[in-house]
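Spelled out, the chains give:
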Amino acid sequence: MSIIHVDRLKENMVLSEDVRDLNTRLLLSKGLKIKSKHIRTLKMWGVTEVNVASNKPDYEETTAKEIDAGLLERIEENTRELFHHVDLEHPAIKELFRLSVLSKSSSKIYKSDKKETVDPVDDSKEELMSDLRNNIAYQRIKLPEIPSTVYELNEMIANPSASADDIAQVVSKSPSLAAILLKIVNSPIYAFPTKIDTISRAVTLIGTQEISGLALGIHAISIFKDIPKDMIDMHLFLKHSLACAIISRVLCAYKNITQTEQMFVSGLLHDIGRLILYKYYPKQSRKILQRAASSKELLHEEEKKAIGCQHTDIGGDLIKKWKIPLSIENIVLYHHNPSDANNQTYATIVHLADIMAHSQEIGTSGERLVPNFDTKAFNSLGLSPSSFESVIRLATHQINAIESFFK
Ligand SMILES: [Fe+2]
Ligand SMILES: [Fe+2]
């Protein structure tokens, strides 16, 4: 038996439970073989999910004809490794596992068939770590000063009387930032029917805080673009950050949350603490990445073991130092344990977006595995796993549409 969204119902599936409307009136009975007219009835009565009889995960049915059993077994095995630190019995994780296997099975080339090589861990330079650990303990960690564009955008966000032209003036100081912003506002993320060709028009349509936040997030990440590729592929890092930003916005739409100005910038900056480590502490970062790869531990757990804090703490400190508004410091700080956040809903949405991006392997922040899942926070969010497939489909379409803007 499995719960599935009505959009995924197919003819000849069998209902394993009665389906009732909100007034408990019986609509369809248990044991009924679904026909297209039943799907129409369910949609008409606003039923979004039903229980159907199934003794096999449905990706096996979808993919069995197209790929051989051996490949499917390898995909499942590798996906189980990817999901090593989360509970596969939780309905949300079970659904993400299914979607992960499904997307790998339907892609023409299965990339994880390439064997990754892991360098042996060199533990001879422990003093490197204690150096960084001491710096952190005595608050001597080097955090960059606030860039002038970030400072000016902060002012815009905090000032309710800032005009569209004021913001356009700040953004236009960086022609590449202005060009990317215009491409994004004209992308499927906003889906405006006509072309927007000026920043001030974009501000009028989308709002001061959202445009300034978007500009701020993009600008802040671009400061780290010169991190060498053998440390982290910055294009993949940006893709992971964009995925988290976009999925967060889509999840808000599914939860009917209208105040979403901070979601894009929170998603973009959630792992910025890692960029500080990669840029200013490259030797230690390489070691931490290497240890996580060989131990199969989560990267943020290895960070804690090695330096006594995590990228979340460093990212939170940076956002505090840069005085970035929109209450994103708390979201960044608690994106791996949103139960402890002040605004649990927003932190849980970014947390879930991060888990989704990892489960679909969209970009990377250096973490190779699906990070720990805060079941308590997820359960109180009240979001059905049956919506995950359409959330991921919609978000992937938007991510693919904009990732090339950053090349
Ligand atoms: Fe993270
Ligand atoms: Fe992340």
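Residues numbered from 1 in each chain as written. Chains lettered and ligands numbered in written order. Predicted model: local features only at pLDDT ≥ 70, side-chain atom pairs only at ≥ 80, totals over all residues. Heavy atoms only, no water.

(A) Region of the structure containing the coordination of the iron ion (ligand 2). The protein atoms that coordinate the iron ion (ligand 2) are H240 (NE2), H270 (NE2), D271 (OD) and D354 (OD), at distances spanning 2.1 to 2.2 Å. Because the angles between the four donor atoms bound to the iron ion (ligand 2) fall within 83 to 176 degrees, the donor set is best described as irregular. Mapped onto the sequence, the residues coordinating the iron ion (ligand 2) show the spacing H-x29-H-D-x82-D. In this structure, the iron ion (ligand 2) lies 3.9 Å from the iron ion (ligand 1), and both are coordinated by D271. Taken together, the residues span a long stretch of sequence, with H270 in the loop between helix 12 (261-269) and helix 13 (272-280) and D354 in helix 18 (residues 344-359) at a distance of 84 residues. (Donors = N, O, S within 2.8 Å, 3.2 Å for Na, K, Ca; no water. Tetrahedral: all angles 85-135°; square planar, octahedral: opposite > 155°, others 65-115°. Helix = DSSP H or I, 4+ residues; strand = E, 2+ residues; numbered from the N terminus.)

(B) Seen up close, the pattern of salt bridges. Scanning the model with the defined rule gives 15 salt bridges in all. Linking E152 and K173 is a salt bridge whose minimum nitrogen-to-oxygen distance equals 2.5 Å. With a gap of 21 residues between them, E152 in helix 6 (residues 148-158) and K173 in the loop between helix 7 (164-172) and helix 8 (175-185) connect regions that are remote in the sequence. Overall, E152 belongs to the partly exposed group, its relative accessible area being 23%. (Salt bridge = Lys/Arg side-chain N within 4 Å of Asp/Glu carboxyl O. Buried < 20%, exposed > 50% of the residue type's maximum accessible area, 1.4 Å probe, protein only.)

(C) Spotlight on the coordination of the iron ion (ligand 1). Those protein atoms acting as donors to the iron ion (ligand 1) are D271 (OD), H311 (NE2), H335 (NE2) and H336 (NE2), and they sit at 2.2 to 2.3 Å. Each of the four donor atoms bound to the iron ion (ligand 1) contributes to angles spanning 84 to 177 degrees, and the resulting shape is irregular. Each donor residue of the iron ion (ligand 1) lies on the same chain, and together they follow the pattern D-x39-H-x23-H-H. The class of D271 is buried, set by a relative accessible area of 2%.

(D) The packing of helix 11 (residues 234-254) against helix 18, seen in detail. At a minimum axis separation of 8 Å, helix 11 and helix 18 run at an interaxial angle of 125 degrees. Judged by the angle between their axes, helix 11 and helix 18 are oblique. In terms of crossing hand, the pair formed by helix 11 and helix 18 is right-handed. Within the contact between the two elements, helix 11 uses H240, A243, C244, I247, S248, L251 and C252 and helix 18 uses I349, V350, L352, A353, D354, M356, A357 and H358. When the residues that make up the contact of helix 11 with helix 18 are grouped by side-chain class, the tally is 11 nonpolar, three polar and one charged. (Axes fitted to C-alpha atoms, helices over the stretch in contact; angles between N-to-C directions. Parallel < 35°, antiparallel > 145°, perpendicular 65-115°, else oblique. Left-handed = near helix turned anticlockwise from the far one by under 90°. Contact = heavy atoms within 4.5 Å. Nonpolar A, V, L, I, M, F, W, Y, C, P; charged D, E, K, R; others polar.)

(E) Structural view of the nonpolar core. In this structure, I184 and L269 are the most contacted members of the largest nonpolar core, which totals 109 residues. With 12 residues, helix 11 is the single largest residue contributor to this core. A domain-level breakdown of this core finds at least three residues from each of domain 2 (116-121 + 133-139 + 228-407) and domain 3 (146-223). With residues up to four places along the chain from it excluded, the contact list for I184 reads I189, Y190, L214, I218, I402, F405 and F406. If you look at the next biggest cluster of nonpolar residues, it comprises 14 residues, including I4, M13, L28 and V50. (Core = buried A, V, L, I, M, F, W, Y, C linked by side-chain atoms within 4.5 Å. Domains from an automatic or database assignment.)

(F) Quick look at helix 1 (residues 36-44). Listed as buried for helix 1 are H38, I39 and L42. Projected down its long axis, helix 1 carries its buried residues within an arc of 100 degrees, all on one side. The outward face of helix 1, more than 90 degrees from its buried face, is lined by the exposed residues R40 and M44. (Arc of directions from axis to C-beta.)

(G) View of unusual backbone geometry. A positive phi angle, near 60 degrees, is found at K296, a position not held by glycine. Along the chain, K296 falls in the loop between helix 14 (282-295) and helix 15 (299-307). You will see that E361, though not glycine, has its phi angle at about 50 degrees, which is positive. Inspection of the secondary structure puts E361 in the loop between helix 18 and helix 19 (375-381). Using a relative accessible area of 26% as the deciding quantity, one classes E361 as partly exposed.

(H) Examining helix 14 more closely. When the terminal C-alpha atoms of helix 14 are compared, their 20 Å separation across 14 residues agrees well with the 20 Å that a helix rising 1.5 Å per residue should span. Three or more residues of helix 14 are buried, namely Q284, S285, K287, I288, L289, R291, A292 and A293. Directly beyond the C-terminal end of helix 14, a positive phi value near 60 degrees is found at K296. (Expected span 1.5 Å × (residues − 1).)

(I) Summary view of the packing of aromatic side chains. Within the structure shown, the criterion is met by four aromatic pairs. Both rings, one in F83 and one in F97, keep their centres 5.4 Å apart while their planes meet at 80 degrees; by these two values the pair is edge-to-face. Placement of the pair is F83 in the loop between helix 3 (69-82) and helix 4 (91-106) and F97 in helix 4, with a sequence separation of 14 residues. Each member of the pair F83 and F97 is classed as buried. Ring geometry for Y190 against F192: centres 6.2 Å apart, planes inclined by 5 degrees, an arrangement best described as stacked. Chaining the aromatic ring pairs together yields one cluster made of F373, F378 and F388. (Phe/Tyr/Trp six-rings, centres within 6.5 Å; stacked < 30°, edge-to-face > 60°.)

These figures come from the coordinates and say nothing about function on their own.
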